[in-house]
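Each chain is listed here by its residues.
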2 protein chains.
Amino acid sequence: MKFYKNRLSIFIFLTSIILFVFNSKIAAQGNKQMVRMAKLVIDSSQLEKYKAALKEQMESALIAEPGVLLYNAVYEKENQTHITILEVYASDSAYMAHRQTPHFKKYKDATKDMVKSLELIDVVPIGMGSKLK
Amino acid sequence: MKFYKNRLSIFIFLTSIILFVFNSKIAAQGNKQMVRMAKLVIDSSQLEKYKAALKEQMESALIAEPGVLLYNAVYEKENQTHITILEVYASDSAYMAHRQTPHFKKYKDATKDMVKSLELIDVVPIGMGSKLK
């Protein structure tokens, strides 16, 4: 009986450790969203092609990747080649995984000669709320 | 009988015109969302107060105003006084109504000495998608 009791104690102890580590990891991921603003200037002669490629990439990523949480991409009315994209990923690793997807690689390759400049700015949300469908 | 037939024709004709005008108005409003990016620089000594006031304003507007559709506000990690807000209103008139609300007036008054610069940029969405709750 003592033998079984010891085995049970060890089992409970190990399970507790595993659950603790696992929950800490989830909690850490929950607080570690990666939020970024990308500012791009696009070659004006390829602007329509660029916007189509970006749109396709964003739609594919939002559908296929659970770790891609938000894309808001806009161009400026008075400076139509100036594009801003707000991006939210569930974690750094979700972002790293995103960069390896076929749709991201296709976008990156297709647009490499369209992008005149790209600035990536790490940002922190103050408030994010949407009633858009 | 001819009299009634004529009256019926006039009724149908007038109803058609009213429905046409009404539908055109709805369609036009549907395409006339007002989308804007605000770029602000805040006095560093009042940054926390500013962020709290902005957050309160955004939350009140999203709850109280059907015409306020989206607010995404972020600050830059490396330049924490630099704030960008993406705003979507259902129409120009929804935006004008927003500016008259008590919560907006309170925010504008409370923050007038905190904002060092404010740039408003009209933008056009390329793609907007979110899985955030």
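Rules used in this analysis
- Residues numbered from 1 in each chain as written.
- Chains lettered and ligands numbered in written order.
- Predicted model: local features only at pLDDT ≥ 70, side-chain atom pairs only at ≥ 80, totals over all residues.
- Helix = DSSP H or I, 4+ residues; strand = E, 2+ residues; numbered from the N terminus.
- Buried ≥ 20, exposed ≤ 12 C-beta atoms within 10 Å, placed from the backbone.
- Contact = placed C-beta atoms within 7 Å.
- Nonpolar A, V, L, I, M, F, W, Y, C, P; charged D, E, K, R; others polar.
- Pairing = 2+ DSSP bridges.
- Least-squares fit on C-alpha atoms with pLDDT ≥ 70 in both.
- Expected span 1.5 Å × (residues − 1).
- Arc of directions from axis to C-beta.
- Axes fitted to C-alpha atoms, helices over the stretch in contact; angles between N-to-C directions.
- pLDDT = per-residue confidence, 0-100.
- Core = buried A, V, L, I, M, F, W, Y, C linked by C-beta atoms within 7 Å.
- Parallel < 35°, antiparallel > 145°, perpendicular 65-115°, else oblique.

Student: So what's going on with the overall build of chain A? Residues and values would help.
Tutor: Helix and strand counts for chain A come out as 4 helices and 4 strands. Taken across its 133 residues, chain A has 20% of its residues classed as buried. Partitioning the contacts of chain A with sequence separation of at least 6, the portion at a separation of at least 24 is 73%.

Student: How would you sum up the interface of chain B and chain A? Please name residues and give values.
Tutor: One frequently used descriptor of interface size is the decrease in accessible area upon assembly of the parts. The interface of chain B with chain A comprises 32 residues on the first partner and 32 residues on the second. Counting only elements with at least two residues in the side of chain B that touches chain A, the list comes to strand S1 (34-42), helix H2 (47-64), strand S2 (68-76), strand S3 (82-89) and strand S4 (115-130) of chain B. The element contributing the most residues to the side of chain B that touches chain A is S4 of chain B, with 10 residues. Its residues placed into classes, the side of chain B that touches chain A shows 20 nonpolar, 5 polar and 7 charged. Pairing between strand S2 (residues 68-76) of chain A and S4 of chain B: 7 bridges, direction antiparallel. Each bridged residue has a counterpart across the sheet, and for Glu76 of chain A the counterpart in S4 of chain B is Val123 of chain B.

Student: Explain the pairing of S4 of chain B to me, and be specific about the residues and the numbers.
Tutor: Where S1 of chain B meets S4 of chain B, 7 bridges bridge the pair, whose relative direction is antiparallel. Each residue of the ladder has a partner; that of Ile42 of chain B, found in S4 of chain B, is Val115 of chain B.

Student: Could you give an account of the relation of the copies chain B and chain A, naming the residues involved and the relevant values?
Tutor: Superposing chain B onto chain A takes a rotation of 179° combined with a translation of 0.0 Å along the rotation axis, leaving an RMSD of 0.3 Å. Put plainly, the chains are arranged around a two-fold axis. When C-alpha distances to the rotation axis are compared across chain B, the minimum falls at Ser130 of chain B, with a value of 4.2 Å. Looking at the interface residues of chain B, 100% of them are also at the interface in chain A, so both copies use one shared face.

Student: Explain helix H2 (residues 47-64) of chain A residue by residue, including any values.
Tutor: With 18 residues, H2 of chain A extends 26 Å between its outermost C-alpha atoms, agreeing within 8% with the 26 Å of an ideal straight helix rising 1.5 Å per residue. Listed in full, the buried residues belonging to H2 of chain A are Tyr50, Leu54, Gln57, Met58 and Ala61 of chain A. Each buried residue of H2 of chain A sits inside an arc of 95° when the element is viewed along its axis, so together they form one side. In this structure, H2 of chain A carries Glu48, Ala52, Ile63 and Ala64 of chain A as exposed residues pointing more than 90 degrees from its buried face. The inward-facing, buried residues of H2 of chain A abut strand S1 (34-42), S2, helix H3 (92-99) and helix H4 (102-111) of chain A together with S4 of chain B.

Student: Give me the lowdown on the pairing of S3 of chain B, citing residues and values where you can.
Tutor: All names here are of chain B. Burial within S3 is extensive, with 6 of its 8 residues counted as buried. With 8 bridges connecting them, S1 and S3 associate as antiparallel partners. Paired with Lys39 across the bridge in S3 is Thr84. Where S2 and S3 come together, 7 bridges link them in antiparallel fashion. Residue pairing in the sheet places Tyr75 in a bridge with Ile83 of S3. In this antiparallel pair of consecutive strands, S2 and S3, the connection spans 5 residues.

Student: Quick one: what's the story with the sheet that holds S1 of chain B, residue by residue and with numbers?
Tutor: Spatially, the 8 strands close up into a barrel ordered S1(A)-S3(A)-S2(A)-S4(B)-S1(B)-S3(B)-S2(B)-S4(A), and their pairing is antiparallel. Between one strand axis and the next, the sheet turns by 35° as a mean value, whatever way the strands run. Strands in contact with H2 of chain B are strand S4 (115-130) of chain A together with S1 and S2 of chain B; relative to S4 of chain A, the strand with the most contacts, it is inclined by about 70°.

Student: Can you break down the confidence of the model for chain A residue by residue, with the values?
Tutor: Residue and element names in this part refer to chain A. Per-residue confidence for chain A gives a mean pLDDT of 87; residues scoring 70 or more make up 77%. Here residues 22-29 is a poorly scored stretch, pLDDT under 50, and it has 2 contacts once near neighbours within four places are set aside; other chains count. Complex prediction metrics read pTM 0.78 and ipTM 0.77.

Student: Please give an account of the nonpolar core that cites residues and values.
Tutor: Of all hydrophobic cores here, the largest spans 40 residues; its most connected members are Leu69 and Ala73 of chain A together with Leu69 and Ala73 of chain B. When residues of this core are traced back to their parent elements, those giving at least two are S1, H2, S2 and strand S3 (82-89) of chain A together with S1, H2, S2 and S3 of chain B. With near-sequence residues (within four places) excluded, Ala73 of chain A lies in contact with Leu54, Met58, Ile83 and Ile85 of chain A together with Ile126 and Gly127 of chain B.

Student: Talk me through the packing of H2 of chain A against H4 of chain A; I want residue IDs and the actual numbers.
Tutor: Residue and element names in this part refer to chain A. Orientation of H2 relative to H4, taken along the N-to-C sense of each, is 170°, at an axis distance of 9 Å. The orientation of H2 with respect to H4, classified from their angle, is roughly antiparallel. Residues Tyr50, Ala53, Leu54, Gln57, Ser60, Ala61 and Ala64 of H2 lie in contact with H4, whose contacting residues are His103, Phe104, Tyr107, Ala110 and Thr111. A breakdown of the residues in the contact of H2 with H4 according to their chemical character gives 8 nonpolar, 4 polar and no charged.

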